[in-house]
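Take a look at the letters that make up each chain.
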Amino acid sequence: MSAYILEKLCRGCQRCVHACPQNAIQMLSHMAIVNPRLCIECEECMEVCMQGAITFRENREEVSTHG
Ligand code: SF4
Ligand code: SF4
């Protein structure tokens, strides 16, 4: 599992970027993106996200474009 950011809910506040102890989150066009290889599932990002945009899911190589 790793953190995953729902792009429809993310408003680019970068709170999660600063909260992540692994530097696993980066901004990409005003939206946060998690690098699943760095994520240790500490849930810090989920705690600070005011938008409820962060969820957890299984790591899969095939990343489907949703929405
Ligand atoms: S804390 Fe939430 S709303 Fe803010 S950048 Fe991260 S995912 Fe987006
Ligand atoms: S769960 Fe922890 S390590 Fe993973 S992206 Fe969120 S803050 Fe970073």
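We now turn to the structure provided with this report. As the structure is a computational prediction, the values presented were derived from the model and not from experiment. (Residues numbered from 1 in each chain as written. Chains lettered and ligands numbered in written order. Predicted model: local features only at pLDDT ≥ 70, side-chain atom pairs only at ≥ 80, totals over all residues.)

For the protein, the count of helices and strands is 2 helices and 4 strands. The secondary structure elements of the protein, listed N-terminal to C-terminal, are β-α-β-β-α-β. When each of the 67 residues of the protein is scored for burial, the buried share is 19%. In the protein, 60% of the contacts between residues at least 6 apart in sequence involve partners at least 24 apart. (Helix = DSSP H or I, 4+ residues; strand = E, 2+ residues; numbered from the N terminus. Buried ≥ 20, exposed ≤ 12 C-beta atoms within 10 Å, placed from the backbone. Contact = placed C-beta atoms within 7 Å.)

A few words now on the nonpolar core. Core analysis: the biggest nonpolar cluster contains 13 residues, and Ile5, Cys16, Ile25, Cys45 and Ile54 have the highest contact counts within it. For this core, the secondary-structure elements that each account for two or more residues are strand 1 (2-5) and strand 3 (31-34). Setting aside residues up to four positions removed in sequence, Cys16 forms contacts with Ile25, Ala32, Cys45, Val48, Cys49 and Ile54. (Core = buried A, V, L, I, M, F, W, Y, C linked by C-beta atoms within 7 Å.)

This next bit is on the site of ligand 1. In the region of ligand 1, 14 residues are neighbours, and Cys10, Cys13, Arg15, Cys16 and Cys49 sit closest. Residues that form the shell around ligand 1 fall into these classes: 9 nonpolar, 3 polar and 2 charged. (Near = placed C-beta within 6 Å. Nonpolar A, V, L, I, M, F, W, Y, C, P; charged D, E, K, R; others polar.)

So, on to the pairing of strand 2 (residues 25-28). Consecutive residues of a regular strand have side chains that alternate between opposite faces of the sheet. When strand 2 meets strand 3, the two strands line up antiparallel, connected through 4 bridges. From the neighbouring strand, Gln26 faces strand 3, where its bridge partner is Ile33. Counted between consecutive antiparallel strands, the loop separating strand 2 from strand 3 contains 2 residues, among which Ser29 sits at a positive phi close to 40°. (Pairing = 2+ DSSP bridges.)

Tracing the backbone shows Gln26 in strand 2. A residue is classified by how many C-beta atoms lie within 10 Å of it, and Gln26, with 14 of them, is partly exposed. For Gln26 and Cys16, which are 10 residues apart along the polypeptide, the C-alpha to C-alpha distance reads 9.0 Å. Among all residues touching Gln26, those that are not within four sequence positions of it are Val17 and Ile33.

Of note, Leu38 is situated in the loop between strand 3 and helix 2 (44-48). Judged by the 15 C-beta atoms lying within 10 Å of it, Leu38 falls in the partly exposed class. Between the C-alpha atoms of Leu38 and Ile25, which are 13 residues apart in sequence, the distance is 8.7 Å. Discounting chain neighbours no more than four positions away, the residues touching Leu38 are Gln22, Asn23 and Ala24.

Remember, this is a structural readout, not a statement about activity or role.
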